[in-house]
Structures are given as structure tokens and as C-alpha cells.
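The lines below spell out each chain.
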Amino acid sequence: MSARDLDWKPLALVPLLALATLPLVGSPSTWLTLTVAGLAMGMIIFIIASGLTLVFGLMDVLNFGHGVFIALGAFVATSVLGSMGDWTGSSELWRNLVAVLPAMLVAMLVAGAVGLAFERFIVRPVYGQHLKQILITMGGMIIGEELIKVIWGPQQIPLPLPEGMKGAWLLGDAAVEKYRVVAVLVGLAVFALLAWTLARTKVGLLIRAGVQDREMVESLGYRIRRLFIGVFVAGSALAGLGGVMWGLYQQSVVPQMGAQVNILIFIVIIIGGLGSTGGALIGALLVGLMANYTGFLVPKAALFSNIALMVAVLLWRPQGVYPVANR
Amino acid sequence: MMNRILSGDRPGSRVLAVLLLAIFFGLALAPFLFPGIKALNVAAKVLVFVVLVASFDLLLGYTGIVSFAHTMFFGIGAYGIAIATTRLGPTWGALAVGTLGALLLSLLLSLAVGLFSLRVRAIFFAMITLAVAAAFQTLASQLSDFTGGEDGLTFRMPALLSPSFEPFEDDFLGVTVDGRLISYYLLFAAATLLVLALLRIVNSPFGRVLQAIRENEFRAEAIGYRVVVYRTLSSVISALFATLAGCMLAVWLRYNGPDTSLSFEIMMDVLLIVVIGGMGTIYGAAIGAVLFLVAQSYLQDLLRIGSEATSGLPWLAALLSPDRWLLWLGLLFVLSVYYFPTGVVGRLRAARARPPA
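Position labels on residues start from 1 in each chain and follow its written sequence. The naming scheme follows written order: chains are lettered A onward, ligands numbered 1 onward. The model is predicted, so local features are restricted to residues of pLDDT at least 70 and side-chain atom pairs to those at 80 or more, both for listing and for counting; the totals for chains, interfaces and linings are taken over all residues. Each side-chain value is worked out from all heavy atoms of the structure, with water and hydrogens disregarded.

Participant: If you had to explain the overall build of chain B to someone new, which residues and values would you point to?
Facilitator: Within chain B one finds 18 helices and two strands. Atoms counted for the radius of gyration: C-alpha only. Globule rule: 2.2 Å times the number of residues to the power 0.38. The globule rule puts the C-alpha radius of gyration for 357 residues at 21 Å, and the 21 Å found for chain B is close to it. If you line up chain B on its principal axes, its C-alpha atoms span 65 × 50 × 50 Å. Accessibility here uses a 1.4 Å probe with only protein chains present; expressed as a share of the type maximum, an area under 20% marks a residue as buried, one over 50% as exposed, and anything in between as partly exposed. With 357 residues in all, chain B has 55% of them scored as buried. Going along the chain from the N terminus, every DSSP run of H or I of four or more residues is numbered as a helix, and every run of E of two or more is numbered as a strand.

Pasting the structure below:
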């Protein structure tokens, strides 16, 4: 996509939403805190949602069990970080990173591996059958959630932030929590990596071509099947990473967290246009900002505001902000 | 005559017919056959779930729409009775107001959700209903002045239906005739009527159009049926029946809270029952509900035995813990979608159809 035919209207929604709430919140410092919190939450949701929207856009599989990988990633992180108390307890940032990076990597590996099994045993028999996909991946979600309870127990487990990421930087009167900045940076990195892979690499080219015309690419000798399984595994791994980030954001994990986050993700990918990475980013940022602003202004309406947002976007663009062609 | 009552939809298999008769008479005579309060509670729950699941099957099995907002309408029915009787006192008028109010709310809500989202693809609808249902559940627990919040509402029924009502001094066939027994038979009559009504609907020309839409939306539209209109109607009717099932639940329990009627677990139970019983048959709802609700209590006892027997192997014991019964149901669910896609009823009918007699 060249810069000229970039559809900028949805992009403008994010700053518009942020600016429109400034007079409502009143104090600029509170507004800044809320905005950063919203962007951070949005970035984490984006990391999770990007995998799901890719899997849907490319493989035409809607995975209602995506939430399992989120919870799995978060629980793996509690185990890894729990065993590295020396490193997380230190107040030096580099030592914390030494603890958090392996936790993220292991979580992504485990979630990816489970994703491979999930694709093989749950999703593969029902390609092309949407009804059964919804049912069977829902069943997979139940099984996964229960297995997590078997391994880690059904109770809530604390997942404290490493010492160096706790606390906030002060910008004037506004307190900007350090971890939120970290989350924004990680989210941006994931988005850049995804966009670059899809637009600039050969794998990305093949994936895009495979979506357009699968038979044609296969007749050229590429194995689209394998490529798509890779996409599924990558999507699961991203959900695992998102789970770690989300768990650290909430500072605790419960086995049901996947199902809870699932709803937010669905809203995000519907807003974004099913299958669109850029749309998912905008959707996630809108949802994150909206949740934080309404959480401050009218706490009771937090979940409603997101549904209202989704309805409003769908009235404007029924296929989501960036509709994916030929769907 | 029988054919008329069943709207021409015969069981189509001798085994199935026997099973259905057994369920019907088992439920009709439950207070006399299975003594004890717990057994009667299970029987009443079966009655409520038969209606709830059959109404969901109209949507999932007949029209091919996946909705996750079905418990929302179930909850509206239960809250309708709960709120009306708490505000207006335990009178028949309150029951009527609660039921009608709930039906009206369900009608409007299902119409809004339907018109707004049934134009889009099935997957969109599933996700949107999931979000709407979650929002409704939050609303129900937050409007605590109205709904009692997380604690829910405990309320009383009109004298005739309350447990303290005992018109006769002597027992009848060894069973005390009291308000609970009368409530049970009220539920039984309601369930029978509602299931027969659903049978009537799915076997009418309207029901055939729904099936046509399920099989091939494009062709149905091409023949001249407005697919959106039929889908919306199907979801509205299904929502109304679910609301009535919710009213039945509230009349029986005399309590309602978010976990009793709105929780996502109930939605999962409904999905499981539909798939196990057989999608696209109202009879499947009855068979599935009985199997599932009996298994639900039985499985937990069985798992407890298994867990105690394997206590030497902590891993296996954890897997067999009674709290993990959902794990086994989940596996059963996935396996039934895999190997048993037509459910019990579909299997029985297929077994009958295969050898030409």
C-alpha cells in the first residue's frame, strides 16, 4: 500500500477519541495518565488480537479457543518468573529484563507448541465449516482451561512486576507508569515486525498470495498448508506473549482470564475488520483508550462503552474499519 | 391424533420413541417414582432445560445461527419473575406482569440484536452476541438496587405454589401434596406445551424455510425468501421461548441471581446438550437434557470415586478430581463434534434408515 491510497480516516479516530475526552476529564495530567494507560492496554490487546485476526484472515478459521493461549502464556510466566526471584527482585532494570525476556520466550514457545497440537487435533478436522469451528474450538477452550487448573490449580496467582518496572515517571503532575511505556514499546515492535514480515519478506508475499489464490500458489510449488500452520503457531505464540504482558499488567492471573479477554479481542477484531492487522491495531487502541476513559468517568459503563464503540464503528463501516477484500 | 400433536414429526426410530416415552412418563411421574427433594429438583431442572435447549436448537440446529446470548434471554425471564414478585408481592398478577414484561424486553432486545447483526456473517453474529451477553451480565450484577447484584433476589410465590401450602391432610400414593408438587406439575405442563409448540413451529412451512437457509442461504434468497427477515424471526422466537424457560426456572427456585441464570457456564451447558442430543431435532433437546443433567451429578460422584482410588498418583488424581468434571465434558463435547456430529437422535434415526426393510 503506498502512502497515497492509505485510508487515513480510521487512523484519525484514535487521536480524535483522545482529544474529545480531554475536556471531559478536565485535568490534563490525569488525562495524560489515562491516555498512556489506555494506549498500553490497547497495545497488549493488539498483541493478542493480531494472532487471532491473522488466523482468521488467512485461514478462514475463527478460533474461539484463542483465550487458552493467553492464559497459558500468563501461567507459564508465573512459573518462570517465580523461579527467578533473584533477578526479578533486583531493582536494576537489566537484571529484570534478564528475567522477563526468558519468561516471554518460554511462554511463546509453550503457547506455540500447544497451538500446533490445537491446530492438528481441534481445528484441522473442521476446516471450511464455520459452525463446527465455533463449537469445537469452544470445546478446546474448556479443555485447555481445565488442564491449566489441573497443573497450576484453580486459584488466582499473583504475578508481580519486577522491581525495576514498578513505579512511575513523573511528567509534571502526570504519573506515567513505567510498565505501561514498556507495553507500548513491545506492542509497537510487534506491529512493526508483523507489518514488515507481511509486506516486505518472501514469506509475507507467499502468505498474501495464498490468501488471494491458494491453488495458484500451490501449483507454483509452495506448500501453503504448512505456511498456514506456521501462521497458526505464530498466532498462538503471540497470544502467549500477550498473556504474559496482560498478566503483568493485572499483576495476577486466573485460569478464566482467557475467556475474559476473549470478549475484548472479539470486539477489537470486529472493529478492525476481520483479518486486518492494521485494523486490529486501531481497534485495540480505541478499545484500550475507551476502557480507561470510561473507567475514570463512568466506571459502571466500562464494558458497555466498548460495545457502543463497536456498534458505532459498524454503523459507519459494516465490515470494520479496514475491510479485507473478497470476504 | 398423535401425529397431529407431534406435528407430523414422528421420532422415526423405535428406540428413540421408547426413549422419549420413558422420558415423558419419567418426568410426568417423577414425584412418585423418585422420592426425595434432590430428585425432584433434578427433574424440574430437566423440564426447564428441555425448553431452553429446544429453543436454542431452533436457532442453532434449524437456522444454523450460533448465538452466545441465549442465556441473556433466559436470565431476562428469570429476572422478570424475580423483580416483579419482589416489587409487587407474591401474587398471580405479579407473575403475569413479570412474564409479560420479560417477554416484551426479550422481544425488543432480540429484534435489535437480530436486525443489527444478522445481516453479517455467522461468525460476526456469534462474536457480537458474546459481547452483548457479557455486557448484560455486567449490567445485571451492577444494577443491584433492582436485581440484587451478585447476591440475587430471593422471593416468594403465590400461596398455591409455595411449599407451605398443603391442601390435604393425607398423603396421595405416599407423596405429600403441597405447593412444590403443584409447582412441579405447573412446570411439567408448561414444558410439554412449549415443546409441542416448538415442534409445531419447526415443522411448519416457516420451519422448512429456516432449514433451507441453514442448508444454503444463497439459494433460499434466490427462491425469494428474505433471509434476514426469517433469521431475525427465528432469533426472536427462540429468545421468547428461552425467556419462558427462565420464568419457569424462577418459579421453581424462588431465587435468581447472575450465576443461576446468566452465567456463561449455562451457555456452555446448553451448547453441549444440543450437540450431544442432536442438532436440528427438538427431540434431541429432551434426550440431551436428561443425559446431561443426570450425568452432571453422576459424573461428579464417579470422578470422586476415581480420584480417591488413584490418590497414590497425584497427577491422575488431580485429573479425576470432581471439580474437573468440566474437563471430561469438554472432551466428550469435542469428541461428539468429531465422531458424533448428528448427536444421539441423528444416530438413532440413521441406524433406522440404513437397512431398507
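After that view of the structure, there is still more to cover.
Participant: Account for the packing of helix 4 (residues 37-62) of chain B against helix 12 (residues 227-253) of chain B, with residues named and values stated.
Facilitator: All names here are of chain B. What counts as an axis is a line fitted to C-alpha atoms, over the stretch in contact for a helix, and the angles between N-to-C directions run from 0 to 180 degrees. Axis separation between helix 4 and helix 12 bottoms out at 7 Å; the angle between their running directions is 170°. Taken together, the axes of helix 4 and helix 12 are roughly antiparallel relative to one another. Contacts between helix 4 and helix 12 involve Leu40, Asn41, Ala44, Leu47, Val48, Val51, Leu52, Ser55, Leu58 and Leu59 from the former and Ser234, Ser235, Ile237, Ser238, Phe241, Ala242, Ala245, Met248, Leu249 and Trp252 from the latter. Between 65 and 115 degrees an angle is taken as roughly perpendicular, under 35 as roughly parallel, over 145 as roughly antiparallel, and anywhere else as oblique. The contact definition used throughout considers only heavy atoms, calling two residues in contact when any of these lie within 4.5 Å.

Participant: Hey, could you go over the nonpolar core for me, with residue numbers and the actual values?
Facilitator: Formed by 228 residues in total, the largest nonpolar core has its most connected members in Phe64(A), Phe49(B), Phe68(B) and Tyr184(B). The greatest single-element share of this core, amounting to 18 residues, is contributed by helix 2 (residues 28-59) of chain A. If we skip the residues at most four places from it in the chain, Phe68(B) touches Phe64(A), Ile134(A), Met138(A), Ala126(B), Thr129(B), Leu130(B), Ala133(B), Phe264(B), Met267(B) and Leu271(B). In this text, buried Ala, Val, Leu, Ile, Met, Phe, Trp, Tyr and Cys residues form a nonpolar core when linked through side-chain atoms within 4.5 Å.

Participant: I'd like to hear about a nonpolar patch on the surface, residue by residue, with values.
Facilitator: Residue and element names in this part refer to chain B. On the surface, Leu21, Phe24, Phe25, Leu29, Leu33 and Phe34 cluster together into a nonpolar patch covering about 580 Å² of accessible area. Counting residues per element, the nonpolar patch draws most heavily on helix 2 (residues 14-28), at three residues. Along the chain, Leu33 falls in helix 3 (residues 30-33). Assessed through its relative accessible area of 49%, Leu33 is described here as partly exposed. The patch calculation keeps residues exceeding 30% relative accessible area without a salt bridge and links them within 9 Å when they carry like charges or within 5 Å when they are nonpolar (Val, Leu, Ile, Met, Phe, Trp, Tyr). The Shrake-Rupley method, run with a 1.4 Å probe, gives the accessible areas here. Residue values count only the displayed protein chains as cover. Salt bridge, as applied in this entry: a Lys or Arg side-chain nitrogen positioned within 4 Å of an Asp or Glu carboxyl oxygen.

Participant: Lay out the confidence of the model for chain B in plain terms, naming residues and giving numbers.
Facilitator: What pLDDT conveys is the predictor's confidence in a given residue, as a value from 0 to 100. Here chain B averages 85 in pLDDT, and 95% of its residues register 70 or above. For this predicted complex, the interface score ipTM comes out at 0.77, alongside a pTM of 0.81.

Participant: With reference to specific residues and values, describe the pairing of strand 3 (residues 174-177) of chain A.
Facilitator: Side chains on a regular strand alternate between the two faces of the sheet. All names here are of chain A. Burial along strand 3 is one-sided: the residues Ala174 and Val176 are buried and none of Ala175 and Glu177 is. Strand pairing requires that DSSP identify at least two bridges connecting the strands. The pairing of strand 2 (residues 168-171) with strand 3 spans four bridges and is antiparallel. Bridge assignment links Leu170 to a residue of strand 3, and that residue is Ala175. Once strand 2 ends, the chain turns through two residues before running back antiparallel as strand 3, passing Gly172 with a positive phi of about 65°.

Participant: Tell me about the environment of Phe206(B), and please be specific about residues and values.
Facilitator: All names here are of chain B. Inspection of the secondary structure puts Phe206 in helix 10 (residues 205-215). Separated by 27 residues in the primary sequence, Phe206 and Leu233 place their C-alpha atoms 9.7 Å from one another. Those residues within four positions of Phe206 in sequence are excluded, and the remaining contacts are Ile201, Tyr230, Leu233, Ser234 and Ile237.

Participant: Any chance you could break down the interface of chain B and chain A for me, citing the residues and the numbers?
Facilitator: Across the boundary between the two partners, chain B contributes 37 residues, which contact 40 residues of chain A. Each partner contributes to the roughly 3600 Å² buried at the junction of chain B and chain A, and carbon and sulfur atoms together form 85% of this total. Summed over the shared surface of chain B and chain A, the number is zero salt bridges. Polar contact is the term for a pair of N or O atoms within 3.5 Å; when the atoms are in protein, one must be able to donate a hydrogen and the other to accept it, and sequence-neighboring residues count only if both atoms are side-chain atoms. For the pair chain B and chain A, the number of links is one residue pair in polar contact (both at pLDDT 80 or more). Put simply, the parts of the chain that give the side of chain B that touches chain A at least two residues each are helix 7 (122-142), helix 14 (264-277), helix 16 (314-319) and helix 17 (325-339) of chain B. By buried area we mean the combined loss of accessible area, with a 1.4 Å probe, across both parts when two parts are placed together.

Participant: Lay out the UniProt feature "transmembrane region" (unreviewed entry) in chain A with the relevant residues and their values.
Facilitator: Residues and elements named next belong to chain A. UniProt positions are given in the numbering used here, feature names are shortened, and annotations may be inferred rather than shown by experiment. Taking the numbering used here, the UniProt-annotated feature "transmembrane region" (unreviewed entry) corresponds to residues 36-57, 64-85, 97-122, 179-199, 227-249, 261-289 and 301-318. Helix makes up 100% of residues 36-57 and strand makes up 0%, while its end C-alpha atoms are separated by 30 Å. Structurally, residues 261-289 comprises 86% helix and 0% strand, and the distance from its first C-alpha atom to its last is 16 Å.

Participant: Mind laying out the packing of aromatic side chains, listing which residues take part and the relevant values?
Facilitator: A pair of aromatic rings is counted whenever rings of Phe, Tyr or Trp (Trp by its six-membered ring) have centres within 6.5 Å, and the orientation is called stacked for planes under 30 degrees apart, edge-to-face for over 60 and tilted otherwise. What the rule picks out here adds up to 17 aromatic pairs over all chains. Relative to Phe191(A), the ring of Phe46(A) has its centre 5.7 Å away and its plane inclined at 70°; by these criteria the two rings are edge-to-face. Within this pair, whereas Phe46(A) is found in helix 2, its partner Phe191(A) is found in helix 7 (residues 178-200), the two being separated by 145 residues in sequence. On the basis of relative accessible area, Phe46(A) is assigned to the buried category, the value being 0%. For Phe191(A), a relative accessible area of 24% gives the class partly exposed. For the pair Phe24(B) and Phe25(B), a centre-to-centre distance of 5.3 Å together with 85° between the ring planes defines the contact as edge-to-face. Judged by relative accessible area, which is 45%, Phe25(B) ranks as partly exposed. Pairwise contacts between aromatic rings join Phe24(B), Phe25(B), Tyr184(B), Tyr185(B), Phe188(B) and Trp252(B) into one cluster. The rule for a charge over a ring is simple: NZ of Lys or CZ of Arg within 6 Å of the ring centre, and within 35 degrees of the ring normal. The cationic tip of Arg120(A) hangs over the ring face of Phe121(A); the distance from NZ or CZ to the ring centre is 5.5 Å. When the ring centre of Trp316(A) is taken as reference, the NZ or CZ atom of Arg317(A) above it lies at 4.4 Å.

Participant: Account for helix 5 (residues 70-88) of chain B, naming residues and giving values.
Facilitator: Residues and elements named next belong to chain B. By definition here, a helix of n residues has an expected span of 1.5 Å times n minus one. Between its terminal C-alpha atoms helix 5 stretches 27 Å, which fits the 27 Å expected from 19 residues at 1.5 Å a residue. For helix 5, the tally of buried residues reaches 16 of 19 residues, placing the bulk of the element in the interior. Positive phi appears at Gly89, one or two residues downstream of helix 5, with a value of about 85°.

Participant: Go over the pattern of salt bridges with me, naming the residues and quoting the values.
Facilitator: Within this structure, the stated rule accounts for six salt bridges over all chains. Across the salt bridge formed by Glu146(A) and Lys149(A), the nearest N and O atoms sit 3.2 Å from each other. Of the two residues, Glu146(A) and Lys149(A) are both situated in helix 6 (residues 130-152); the distance of three residues between them amounts to about one turn of the helix. Like Lys149(A), Glu146(A) is buried. Between Glu217(B) and Arg231(B) there is a salt bridge, and its shortest N-O distance comes to 3.1 Å. With Glu217(B) in helix 11 (residues 217-223) and Arg231(B) in helix 12, this pair connects stretches of sequence that are 14 residues apart. Residues joined by salt bridges that share partners form a network here, namely Glu119(A), Arg124(A) and Arg225(A).

Participant: An account of the side chain of Thr129(B) is requested, with residue identities and associated values reported.
Facilitator: Residue and element names in this part refer to chain B. Inspection of the secondary structure assignment puts Thr129 in helix 7. For Thr129, a relative accessible area of 1% puts it in the buried group. In contact with Thr129, other than residues within four places in its own chain, are Val66, Ser67, Phe68, Ala69 and Val113.

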